[in-house]
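# Summary of the model geometry
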Amino acid sequence: PHAGPVDSKNEAAMSELVPEPRQKPVVPMKPMGINTSLLGYIGIDTIIEQMRKKTMKTGFDFNIMVVGQSGLGKSTLVNTLFKSQVSRKSSGWNREEKIPKTVEIKAIGHVIEEGGVKMKLTVIDTPGFGDQINNENCWEPIEKYINEQYEKFLKEEVNIARKKRIPDTRVHCCLYFISPTGHSLRPLDLEFMKHLSKVVNIIPVIAKADTMTLEEKTEFKQRVRKELEVNGIEFYPQKEFDEDLEDKTENDKIRQESMPFAVVGSDKEYQVNGKRVLGRKTPWGIIEVENLNHCEFALLRDFVIRTHLQDLKEVTHNIHYETYRAKRLNDNGGLPPMTVETEENHESNL
């Protein structure tokens with residue numbers, strides 16, 4: 001049998017099977033493959049189906065955090081994303097009652113099932129960020145929460161008798177809501193994203209985009225992009241983690257054209273031309289949330305759920321968590337962090 005290049009599909013599958021903790025992506029070498037056509041069918045391709053079955057049984061975790069001022073529609077947007085009452089409303093308030101303001105960081109978990117796939121979704125709602133008169137260091141509790149989840153995971157991982165499947169509470173994605181002022185970002189927005197883009201995947205979102213005209217929206221998006229660039233803020237998908245040319249091309253397009261997504265959320269349904277749609281009713285018509293001519297909600301949903309959900313999880317694990325873990329073990333002289341029990345055992349052994 002003569003050696004020939006492996007086709008790119010198999011190559012992608014193979015590289016997926018061996019996730020390596022990476023700091024900086026390297027250009028992968030092309031593995032040499034053996035042409036099996038002479039030997040007949042082996043059945044290596046069934047591994048994808050085997051993995052699918054396993055994943056279907058266990059389900060998977062996805063944790064999404066929403067940050068921004070009160071009244072920007074954070075809860076509503078998350079409910080719209082997952083087409084169900086997954087944010088605070090679901091904890092027993094009527095639609096008529098006013099949604100109480102979030103006062104502390106709250107994580108609400110749900111299991112959502114679709115097409116036999118189970119997802120344990122956790123929505124982490126943060127207090128109205130930047131609502132106070134003095135907003136100095138108000139990102140600290142949020143940063144603390146994110147790091148606490150890494151710490152929890154690390155403690156489980158370094159246990160001698162560790163669980164086969166560690167419960168994952170790490171924040172995979174942080175939707176940062178920008179106020180639709182049409183001017184520039186607040187110093188607070190820049191400060192927050194500067195601090196947190198190092199520890200979590202930040203996706204900037206312009207909220208309540210129906211308050212701006214199309215021209216204002218286009219201009220504001222460009223201005224926000226420029227300001228993020230000038231301030232050296234890397235939002236997700238980060239340039240340096242694009243693995244190959246295909247990823248880079250796709251992500252460049254998203255970074256330069258779509259982001260930050262200008263969105264409108266709504267959990268109310270209306271009839272439009274005989275079809276039920278999610279929308280907002282105004283005196284001059286209905287703004288359809290999923291209609292791309294009206295707003296970019298569908299782009300955000302496809303991005304977060306349909307194309308990049310697995311990648312968000314991988315970047316969290318291989319980059320953000322890995323960075324936290326390395327720093328933590330370094331500070332500790334390369335030893336796993338001492339927990340109370342291990343200290344007690346250590347003393348009794350002495």
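Let me sum up the structure you'll find in this document. A quick note: this is a predicted structure, and the numbers were derived from the prediction, not measured. (Residues numbered from 1 in each chain as written. Predicted model: local features only at pLDDT ≥ 70, side-chain atom pairs only at ≥ 80, totals over all residues. Heavy atoms only, no water.)

## Side note on the nonpolar core
To keep it simple, the criterion reads: To define a nonpolar core, start from buried Ala, Val, Leu, Ile, Met, Phe, Trp, Tyr and Cys residues and group those joined through side-chain atoms within 4.5 Å. Buried residues are those whose accessible area, probed at 1.4 Å on protein chains only, stays under 20% of the maximum for their type, while exposed residues exceed 50% and partly exposed ones sit between those limits. Here, residues are in contact when the closest pair of their heavy atoms is within 4.5 Å.
Within the largest apolar cluster, 75 residues are counted, with the highest numbers of intra-cluster contacts made by Phe62, Phe82, Leu175, Phe192 and Ile203. Excluding its chain neighbours within four sequence positions, the residues that come into contact with Phe192 are Val67, Phe129, Trp139, Ile142, Cys174, Tyr176 and Ile202.

## As for the sheet that holds strand β11 (residues 285–288)
Threshold: Any two strands between which DSSP finds at least two bridges are classified as paired. Helix numbers and strand numbers start at the N terminus; a helix is a DSSP run of H or I with at least 4 residues, a strand a run of E with at least 2. Axes here refer to lines fitted to C-alpha atoms; in helices the fit is confined to the stretch in contact. Angles between the N-to-C directions go from 0 to 180 degrees.
If you walk across this open sheet you meet the three strands as β9-β10-β11, and the pairing is antiparallel. The sheet is open, and its two edges are formed by β9 (269–272) and β11, each paired on a single side. In this sheet, adjacent strand axes meet at a mean angle of 70 degrees when their direction is disregarded. The pairing of strand β10 (residues 275–282) with β11 spans four bridges and is classified as antiparallel. What sits directly across from Thr282, in β11, is Gly285.

## As for the packing of helix α4 (residues 140–158) against helix α5 (residues 187–196)
So the rule is basically this: Under this scheme an angle from 65 to 115 degrees is roughly perpendicular, one under 35 degrees roughly parallel, and one over 145 degrees roughly antiparallel; angles in between are oblique. By definition, any crossing whose near helix is turned counterclockwise from its far helix by less than a right angle is left-handed, and any crossing with a clockwise turn is right-handed. Just so you know the grouping, Ala, Val, Leu, Ile, Met, Phe, Trp, Tyr, Cys and Pro go in nonpolar, Asp, Glu, Lys and Arg go in charged, and all remaining residues, Gly too, go in polar.
Where α4 contacts α5, the two axes come as close as 11 Å, and the packing angle between them is 20 degrees. One element, α4, and the other, α5, form an angle in the roughly parallel class. Considering the relative orientation of α4 and α5, their crossing is right-handed. Where α4 approaches α5, its residues Ile142, Glu143 and Ile146 are matched on the opposing element by Phe192, His195 and Leu196. Class assignment for the residues of the contact of α4 with α5 results in four nonpolar, one polar and one charged.

## Describing unusual backbone geometry
Negative phi characterises most residues that are not glycine, and trans characterises most peptide bonds. In this structure, Pro237 follows Tyr236 across a cis peptide bond, with omega equal to -5 degrees. By secondary structure assignment, the location of Pro237 is in the loop between α6 (214–230) and α7 (245–258). In the segment running from Met259 into Pro260, the intervening peptide bond is cis, with an omega of -10 degrees. Locating Pro260 in the fold gives a position in the loop between α7 and β8 (261–262). With phi around 45 degrees, Lys208 is a residue other than glycine that occupies positive phi space. Residue placement: Lys208 occurs in the loop between β7 (202–206) and α6. Taking the relative accessible area as the measure of exposure, Lys208 reaches 34% and is therefore partly exposed. Even without a glycine there, the phi angle at Asn273 is positive, about 45 degrees.

## Overview of the packing of aromatic side chains
Centre-to-centre distance and the angle between the planes together describe a pair of aromatic rings. We count it as follows: In summary, the pairing rule links any two rings of Phe, Tyr or Trp, Trp by its six-membered ring, whose centres are within 6.5 Å, and it sorts them by plane angle into stacked for under 30 degrees, edge-to-face for over 60 and tilted for everything else.
Under the defined criterion, the tally for this structure stands at eight aromatic pairs. Seen in terms of ring centroids, Phe129 and Tyr176 are 6.1 Å apart; in terms of plane orientation they differ by 75 degrees. Their pairing is edge-to-face. Of this pair, Phe129 sits in the loop between β5 (117–125) and α4 while Tyr176 sits in strand β6 (residues 173–178), and the two are 47 residues apart along the sequence. Judged by relative accessible area, Phe129 falls into the buried class, the value being 2%.

## As for α5
Within the sequence span of α5, burial applies to Leu188, Asp189, Leu190, Phe192, Met193 and Leu196. Contacts made by the buried residues of α5 are with β3 (60–67), α4, β6, β7 and α6.

## Structural notes on the pairing of β5
Relative to β5, β3 is paired through seven bridges, and the arrangement is parallel. Bridge pairing in β5 links Phe60 to Met119. In this sheet, β5 lies alongside strand β4 (residues 106–114) in antiparallel orientation, the contact comprising nine bridges. Pairing of Val111 across the sheet is with Lys120, part of β5. Hairpin remark: β4 followed by β5, antiparallel, with two residues in the connecting loop; positive phi at Gly115, about 55 degrees.

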